[in-house]
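Fold and geometry: a report
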Amino acid sequence: MGFVMTESSGPLSQKLFSTAKQYIPGGVNSPVRAFRSVGGEPFFARRAKGARVWDVDGKDYIDYVGTWGPAILGHAPISVIEAVHTAAKDGVSFGIPNPYEVEMARLVCEWVPSVQKVRMCNSGTEATMSCVRLARGFTGRDRIIKFDGCYHGHVDALLVAAGSGALTNGKPDSAGIPASYAGLTTVLPYNDVEALERTFAEVGHEVAAIIVESYPANAGLILPQPGYLQKLREITQKHGALLIFDEVMTGFRLAKGGVQELENITPDLTAMGKVIGGGLPVGAFGGRADIMDLLAPDGPVYQAGTLSGNPLAMAAGLAQLREMEKQNGYARLDELGKIMDSAVAEVLKKTGKEYQYYRKGSMFCLFFTSKQVHNLGDAKTSDIPAFRKFFHSCLKQGVYFAPSQFETGFISLAHSADDLARTAEVVQQALSEA
Ligand SMILES: *Cc1c(COP(=O)(O)O)cnc(C)c1O
């Protein structure tokens, strides 16, 4: 702490960013990190522990980004560090089957109700990409249905109307994706049963799968209307299509079994990532055994990975998940969430803002709009200039929210009641200025 900043980042961060821009496109290895949607420049992290991140200039922040989801215990938990250390001493990668991956697969099948078999990979993107390929291989059909604002990683077929990163760059689609390929993806508004029924009536026989973020969390946080997810399950079943839940964000974060456990829905395939890797690069996908058995080497759908099931990554993920269980983490996070609910309600009342606030477990979003948010169109009614001011004002006062309106915030087990109280103060001041 110490210096007064007029920029969003201190001098060392600025220097690093200017060098980074010479060698890395946009200066970042993932676009949302560049602060484009809020303006200014990103700070560079030196260290993170618990609920806090320290930048290279020595300023510290209460962090609600949590490395974009994985850090559910908080940053650098002892249990995860020790597990990685122990595993590393025996070798950092084998490319030969190892006991950790068997244990991880057993745990995933035990925790996630619909998963009978699972394969590990290295990112959420790989997981959703493999789900799509499997669904096409299984059904012999090509068309995929996705929803406006749902992000499923940077998979060609899924990078259509794809939420935060794409949205805030003002490029809903990406260059480099053949139109004929993207044409196999139908995009529908989320929470719209009529559009769903119309589409299935027209092209239901072509549909390999619906892929959906079970709770869309890459366009802010959007919750399903009662019965909507059930409807997705029914209509896919009726038309011989598969239902893919993308639980990369929600899996192991909202409950042991993710949204499918909370909502009592059984998808055919599930994509996982983020929390499952304990902060290391991990993804996973799994589901019905008869579908998963189509994967090579048993079946004709090819999928592979040099580092998949990596011992360090498996050890980190297992340690994190076991720690969540041991600490009764999901219930505790919900308690912290309830504290946040009352703080937000009070702050909104005091500042007279009629903004929409949504929370599920440890995930939350404050939309800068008075309109209820049920889909991307609603989310886009948010007052973006006001959000930008709010973001920078919070950052300056040491509270780090994601640098975009269209992101979800995360509470971790390391956030204390004091952290939440301090955050409420900062938010109140920032909102009254914005
Ligand atoms: C983050 C995310 C992905 C992509 O995961 P990566 O590990 O970044 O490739 C896919 N789907 C959802 C819902 C996500 O939140």
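Worth saying up front: this structure is predicted, and the values here are computed from it rather than measured.

Focus: the packing of aromatic side chains
The geometry of an aromatic ring pair is captured by two quantities: the separation of the ring centres and the angle between the planes. Here the structure, examined in full by the defined rule, presents 18 aromatic pairs. Centre to centre, the rings of Phe364 and Phe401 are 6.3 Å apart; their planes meet at 85°, and the pair counts as edge-to-face. Placement of Phe364 in strand β12 (residues 363-367) and of Phe401 in the loop between β13 (399-400) and β14 (409-410) is noted, with a sequence separation of 37 residues between them. Relative accessible area serves as the criterion here: at 8%, Phe364 is assigned to the buried category. Members of the aromatic cluster, joined through ring pairs, are Phe35, Tyr64, Tyr355, Phe364, Phe368, Phe387, Phe390, Phe391 and Phe401. The aromatic ring of Trp54 is capped on one face by Arg47, whose charged end is 4.1 Å from the ring centroid.

Concerning the pattern of salt bridges
With the rule as written, the count across this model stands at 20 salt bridges. The partner of Arg52 in a salt bridge is Asp419, with the nearest N and O atoms 3.1 Å apart. A residue pair is termed long-range when its members are at least 10 positions apart, and Arg52 in strand β2 (residues 52-55) and Asp419 in helix α15 (residues 417-433) qualify at 367 residues. A relative accessible area of 24% means that Arg52 is categorised as partly exposed. Across the pair Arg322 and Glu103 runs a salt bridge whose closest N-O atoms are separated by 3.1 Å. Of this pair, Arg322 sits in helix α11 (residues 311-326) while Glu103 sits in helix α3 (residues 99-111); the two residues are 219 residues apart in sequence, bridging distant segments of the chain. Three or more residues are tied together by salt bridges with common partners; here these are Glu103, Arg106, Glu110 and Arg322.

Notes on the domain arrangement of the protein chain
Entries for the protein chain in the domain assignment read domain 1 (11-76 + 328-433) and domain 2 (78-325). The centre of domain 1, based on its C-alpha atoms, is set 25 Å off from the matching centre of domain 2. Tallying the contact residues gives 39 residues for domain 1 and 37 residues for domain 2. By the criterion of area lost to domain 2, the three top residues of domain 1 are Tyr330, Met363 and Leu376, representing 22% of everything that side buries. Viewed at the interface, domain 2 and domain 1 are joined by zero salt bridges. Listing elements by their share of the side of domain 1 that touches domain 2, those giving two or more residues are α12 (329-351), β11 (356-360), β12 and α13 (376-379). Looking at the side of domain 1 that touches domain 2, the element that brings in the most residues is β12, giving four residues. Here the residues of the side of domain 1 that touches domain 2 are counted per class, giving 22 nonpolar, 11 polar and six charged.

Looking at the site of the ligand
Every residue lining the ligand is accounted for by Ser123, Gly124, Thr125, Tyr151, His152, Gly153, Glu213, Asn218, Asp246, Val248, Met249 and Lys274. Within the backbone of Tyr151, a nitrogen or oxygen atom sits 3.3 Å from a nitrogen atom of the ligand. Between the ligand and Asn218, the relevant distance is 3.0 Å, taken from an oxygen atom to a side-chain nitrogen or oxygen of the residue. Notes on the ligand: free accessible area 380 Å², of which the protein chains cover 83%.

Rules behind the numbers
- Residues numbered from 1 in each chain as written.
- Predicted model: local features only at pLDDT ≥ 70, side-chain atom pairs only at ≥ 80, totals over all residues.
- Heavy atoms only, no water.
- Phe/Tyr/Trp six-rings, centres within 6.5 Å; stacked < 30°, edge-to-face > 60°.
- Helix = DSSP H or I, 4+ residues; strand = E, 2+ residues; numbered from the N terminus.
- Buried < 20%, exposed > 50% of the residue type's maximum accessible area, 1.4 Å probe, protein only.
- Lys NZ or Arg CZ within 6 Å of the ring centre and 35° of its normal.
- Salt bridge = Lys/Arg side-chain N within 4 Å of Asp/Glu carboxyl O.
- Domains from an automatic or database assignment.
- Contact = heavy atoms within 4.5 Å.
- Buried area = accessible area lost by both parts, 1.4 Å probe.
- Nonpolar A, V, L, I, M, F, W, Y, C, P; charged D, E, K, R; others polar.
- Near = heavy atom within 4 Å.
- Polar contact = N/O pair within 3.5 Å; in protein donor to acceptor, adjacent residues only side chain to side chain.
- Areas by Shrake-Rupley, 256 points an atom, 1.4 Å probe, with all protein chains shown as cover.

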